[in-house]
Amino acid sequence: MLKAMLGPARRSDEEQDVGSLLRSVSGVRWGELRDATGTAAGGIPPLLSRIAYGDEDTARIAIDDLGDAICALGFVVGEATAPTVPFLLELVGSPHVACKAELLDLLGSICRTDQWHSAAAATQDRKHDASYRQQPGWETASRTAVHAGRSVIEGIASSIRSEEATPAGKLLQVMDNTPPFPEL
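Residues numbered from 1 in each chain as written. Predicted model: local features only at pLDDT ≥ 70, side-chain atom pairs only at ≥ 80, totals over all residues. Heavy atoms only, no water.

J.: Where do I start with the overall build of the chain in this structure?
T.: Of the regular secondary structure elements, the chain holds 10 helices and two strands. Element order for the chain, N to C, with α for helix and β for strand: α-α-α-α-β-β-α-α-α-α-α-α. Considering only contacts in the chain between residues 6 or more positions apart, those separated by 24 or more positions represent 67%. Of the roughly 10300 Å² of accessible surface on the chain, a fraction of 53% belongs to carbon and sulfur atoms. (Helix = DSSP H or I, 4+ residues; strand = E, 2+ residues; numbered from the N terminus. Contact = heavy atoms within 4.5 Å. Areas by Shrake-Rupley, 256 points an atom, 1.4 Å probe, with all protein chains shown as cover.)

So, in structure tokens, the structure goes:
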């Protein structure tokens, strides 16, 4: 009765922050996108959710599975990679998410990818189908999305927690030392 008179319970700032993670994930049309393996990307949101809200073991497994989906073999991105990167950056920037080093490593792999650009440059004088021409664009969009999160990564690099700061610093080096894509 007293609870009813006092009104709804207020959530702490920490609870509100955790509850707002990945709020905009439903705004992406995942079912219309393909992941790096060519499969429909509908499985990405549940993996992001497991990373955000799971314990460390659950998050680590989900990061591995997500890595396979958005950066196959550690160097092949797909159509769904770029739309996923802002959520990875959101997770990395949250104080409550486990396995930040693994997320930063995944972002580094995404930033380094150049498989499609290299293949396109090697076959530039040969004819290839239209879908093949889209793939270098996925790499460009994915790398651009990682670079858009630079301020988040810089903040983590200045952390007193070396287990987060060190991989963030490595990612900043990757971002600074990865040459631009060649013109195709």
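From this point, things continue past the structure.
J.: Looking at this structure, I do not really get the layout of surface pockets. What am I missing?
T.: The method is simple in principle: a probe with the dimensions of a water molecule rolls over the atoms, and the space it marks as empty is what remains. Approximately 160 Å³ is the volume found for the largest pocket. Lining the largest pocket, in full, are Glu-56, Arg-60, Pro-95, Val-97, Ala-98, Cys-99, Lys-100, Ala-101, Glu-102, Arg-161, Glu-163 and Glu-164. Every element with two or more residues in the lining of the largest pocket is listed here: helix H4 (56–70), helix H6 (100–112) and helix H10 (162–177). If you tally residues by element for the lining of the largest pocket, the top one is H6, at three residues. (1 Å grid on protein atoms, 1.4 Å probe; cavity = no way out; pocket = protein on both sides within 12 Å on 5 of 7 lines; lining within 4 Å. Points joined across faces, edges and corners; volume = space filled by probe spheres on them.)

J.: Would you mind showing me how to read the packing of aromatic side chains here?
T.: For any pair of aromatic rings, geometry is given as the distance between the ring centres together with the angle between the planes. A full pass over the atoms with the stated rule returns one aromatic pair. An angle of 50° between the planes, with centres 6.2 Å apart, marks the rings of Trp-30 and Phe-87 as tilted. On the criterion of sequence distance, the pair formed by Trp-30 in the loop between helix H2 (13–20) and helix H3 (44–53) and Phe-87 in helix H5 (residues 81–93) is long-range, its members being 57 residues apart. Among the residues examined, Phe-87 registers a relative accessible area of 6% and is labelled buried. (Phe/Tyr/Trp six-rings, centres within 6.5 Å; stacked < 30°, edge-to-face > 60°. Buried < 20%, exposed > 50% of the residue type's maximum accessible area, 1.4 Å probe, protein only.)

J.: Explain the pattern of salt bridges here, please?
T.: Here the idea is simple: oppositely charged side chains can pair when their charged atoms come close. Throughout the structure, instances matching the rule amount to seven salt bridges. With a shortest N-O distance of 3.2 Å, Glu-56 and Arg-60 are connected by a salt bridge. Linking Glu-56 with Arg-60, this pair stays in helix H4, spanning four residues, or about one helical turn. Here Glu-56 falls in the partly exposed class, since its relative accessible area comes to 44%. For Arg-60, a relative accessible area of 30% puts it in the partly exposed group. As a salt-bridge pair, Arg-60 and Glu-102 come within 2.8 Å of each other at their nearest N and O atoms. Taken together, the residues Arg-60 in helix H4 and Glu-102 in helix H6 connect sequence positions 42 residues apart. Through salt bridges with shared partners, one network takes in Glu-56, Arg-60 and Glu-102. (Salt bridge = Lys/Arg side-chain N within 4 Å of Asp/Glu carboxyl O.)

J.: What am I meant to see in H10 here?
T.: At 3.6 residues per turn, the α-helix brings residues three or four places apart onto the same side. Between its terminal C-alpha atoms H10 stretches 22 Å, which fits the 22 Å expected from 16 residues at 1.5 Å a residue. Within the sequence span of H10, burial applies to Glu-164, Ala-165, Pro-167, Ala-168, Leu-171, Leu-172, Val-174 and Met-175. (Expected span 1.5 Å × (residues − 1).)

J.: What am I meant to see in H5 here?
T.: Under the 1.5 Å per step criterion, the end-to-end length of H5 is 18 Å for 13 residues, consistent within 8% with the ideal 18 Å. Those residues of H5 lying buried are Thr-81, Ala-82, Thr-84, Val-85, Phe-87, Leu-88, Leu-89, Leu-91 and Val-92.

J.: Just checking my understanding: could you explain the packing of H6 against H10 for this structure?
T.: For any two helices packed against each other, the geometry comes down to the angle between their axes and how far apart the axes lie. Between H6 and H10, whose axes approach to 9 Å, the crossing angle comes to 5°. One finds that H6 runs roughly parallel with respect to H10. Between H6 and H10, the residues in contact are Lys-100, Ala-101, Leu-104, Asp-105, Leu-107, Gly-108, Cys-111 and Arg-112 and Glu-163, Glu-164, Pro-167, Ala-168, Leu-171, Val-174 and Met-175, respectively. (Axes fitted to C-alpha atoms, helices over the stretch in contact; angles between N-to-C directions. Parallel < 35°, antiparallel > 145°, perpendicular 65-115°, else oblique.)

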